[in-house]
Amino acid sequence: AAKDQGKNNFRVFVSNMRQAADQRMFLQNELNRALEAGELTLHYQPQVRIQDAAVTGVEALVRWNHPVKGLIPPNQFIPHAEESGLIVPIGEWVLRTACKQNKAWQDQGLPPARIAVNLSARQLLKKDAVQIVESALQESGLSPEYLELEITEGTMLDVQRSIEALEKLKKLGIHIAMDDFGTGFSSLSYLTSFPVDKLKIDQSFIRGAADHPNNKTIIATIISMARHLKLKVIAEGVETQEQLLFLKEQACDEVQGYLFSRPLPAEEMERYLRGCARGYQLA
Ligand code: C2E
Ligand code: MG
Ligand code: MG
Ligand code: MG
């Protein structure tokens, strides 16, 4: 009987595996279709300099506007896109759209800010990665100093090739930020060889800062290290005044989080930027 049960369990296991594979295939087909049908959309979240409250950057964050399921957040499809390789065309669309949007805001007379675009390691390792970035800049007319690429330390598949690509991008005048800093591995050894301009302290440290004093120590240490390495530092996931105050005391350069704004569709972000620009003139 035990043997029979074992068999049954195996059958269940295989059928679950098939289901998982089917589901993966389904999602990949759906994603491919979504990209072609124009169902992907970008939301934008401001990055604010603590010192004078100026908006120095805007991060572009992809969403899937599904005709039936509504707005799907990236953590529900980006991992599948990474796995299937679809992240490459999706990421290219994000990059081109974000560059055009930033140029449009500048053409409307809004104070220039950098557009921050998340770049997956798979995109960075493509042979034509640098060409694609160059062409996105050319096509949009955006000056390279207003583009920042956010890379993650945990996904560095091929360190040597990544460094080569990043160095070419840096030569174009683009900024590089290390996203989710502190959550990957080997981060400190990479820091000396990666041509990065900015560290983004992962939001898990900020979220835990009030309850776990160790998180405060980690934040303070990252900020101090960044200063010594002459890197800018931004904290993400800032939701409370208390967190902002602590970051200000530690001389963190910039902040991003719900305290200032949730990620917003382009038109709403435009209104937000306009409001900031007015406040800016009054100040
Ligand atoms: P990320 O690049 O670290 O982006 C920050 C995430 O934190 C965003 O989630 C943002 O909405 C969220 N966030 C910002 N402020 C706060 C806050 O105060 N509190 C909380 N709880 N969350 C906050 P989102 O938009 O769901 O994106 C999740 C992740 O998906 C991103 O993390 C990034 O890794 C990935 N992603 C998004 N867009 C793209 C893209 O175009 N390409 C690639 N490769 N990945 C992307
Ligand atoms: Mg990011
Ligand atoms: Mg992050
Ligand atoms: Mg993240």
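Residues numbered from 1 in each chain as written. Chains lettered and ligands numbered in written order. Predicted model: local features only at pLDDT ≥ 70, side-chain atom pairs only at ≥ 80, totals over all residues. Heavy atoms only, no water.

With an unreviewed UniProt entry as reference, the protein is termed EAL domain-containing protein, source organism Cohnella lubricantis.

Re the pairing of strand 1 (residues 40-49)
Counted residue by residue, strand 1 has 8 buried out of 10 residues, so it is predominantly covered. In this structure, strand 1 lies alongside strand 2 (residues 55-66), joined through 9 bridges in antiparallel fashion. When the bridges of strand 2 are listed, Pro 46 appears paired with Val 58. What sits between the antiparallel neighbours strand 1 and strand 2 is a turn of 5 residues, in which Ala 53 has the positive phi angle 65°. (Buried < 20%, exposed > 50% of the residue type's maximum accessible area, 1.4 Å probe, protein only. Helix = DSSP H or I, 4+ residues; strand = E, 2+ residues; numbered from the N terminus. Pairing = 2+ DSSP bridges.)

Some thoughts on a positive patch on the surface
A contiguous patch of positive charge on the surface is contributed by Arg 122, Lys 126, Lys 127 and Arg 161. Of the residues examined, Lys 126 reaches a relative accessible area of 44% and is grouped as partly exposed. (Patch = residues over 30% accessible without salt bridge, like charges linked within 9 Å, V, L, I, M, F, W, Y side chains within 5 Å. Areas by Shrake-Rupley, 256 points an atom, 1.4 Å probe, with all protein chains shown as cover. Salt bridge = Lys/Arg side-chain N within 4 Å of Asp/Glu carboxyl O. Lys, Arg positive; Asp, Glu negative; His and termini not counted. Charge placed at Lys NZ, Arg CZ, Asp CG, Glu CD.)

A short note on the coordination of the magnesium ion (ligand 2)
Put simply, a metal with four donors set out as a tetrahedron has ideal angles of 109.5 degrees, and one with six donors set out as an octahedron has ideal angles of 90 or 180 degrees. Taken together, Glu 59 (OE), Asn 118 (OD1), Glu 150 (OE) and Asp 179 (OD) make up the full set of protein donors to the magnesium ion (ligand 2), lying 2.0 to 2.2 Å away. As a motif over one chain, the donors of the magnesium ion (ligand 2) read E-x58-N-x31-E-x28-D. The magnesium ion (ligand 3) is placed at 4.3 Å from the magnesium ion (ligand 2), the two being bridged by Asp 179. Residue Glu 150 is located in strand 5 (residues 147-152), and its partner Asp 179 is located in strand 6 (residues 175-181); the two are separated by 29 residues in the primary sequence. You'll find Glu 150 and Asp 179 in the same group, each marked buried. (Donors = N, O, S within 2.8 Å, 3.2 Å for Na, K, Ca; no water.)

Overview of the site of ligand 1
By nearness alone, 21 residues border ligand 1, and Arg 63, Asp 179, Gln 203, Glu 239 and Tyr 258 come closest of all. The separation between an oxygen atom of ligand 1 and a polar side-chain atom of Asp 179 is 2.9 Å. The contact in question runs from an oxygen atom of ligand 1 to an N or O atom on the side chain of Gln 203, over 2.7 Å. A total of 800 Å² of accessible area belongs to ligand 1 in isolation, and the protein chains cover 84% of it. Elements with a contribution of two residues or more to the shell around ligand 1: strand 2, helix 3 (87-107) and strand 6. Residue composition of the shell around ligand 1, grouped by class: 8 nonpolar, 6 polar and 7 charged. (Near = heavy atom within 4 Å. Polar contact = N/O pair within 3.5 Å; in protein donor to acceptor, adjacent residues only side chain to side chain. Nonpolar A, V, L, I, M, F, W, Y, C, P; charged D, E, K, R; others polar.)

What about the environment of Gln 28?
Counting through the fold element by element, Gln 28 comes out in helix 1 (residues 2-37). In this structure Gln 28 comes out as partly exposed when scored by relative accessible area, which is 21%. With 13 residues separating them in the primary sequence, Gln 28 and Ser 15 have C-alpha atoms 20 Å apart. When near neighbours in sequence (up to four residues on either side) are disregarded, Gln 28 contacts Ser 84 and Leu 86. (Contact = heavy atoms within 4.5 Å.)

A short note on helix 10 (residues 241-249)
An α-helical turn contains 3.6 residues, so any two residues separated by three or four positions project in the same direction. Within helix 10, burial applies to Gln 243, Leu 244, Phe 246 and Leu 247. All buried residues of helix 10 fall inside an arc of 165° around its axis, so they share one side. Exposed residues lying more than 90 degrees from the buried face of helix 10 are Gln 241, Glu 242, Leu 245, Lys 248 and Glu 249. As for helix 10, its buried residues are in contact with helix 8 (203-207), helix 9 (213-228), strand 8 (232-236) and strand 9 (254-256). Positive backbone phi, approximately 65°, marks Ala 251, located one or two places after helix 10. (Arc of directions from axis to C-beta.)

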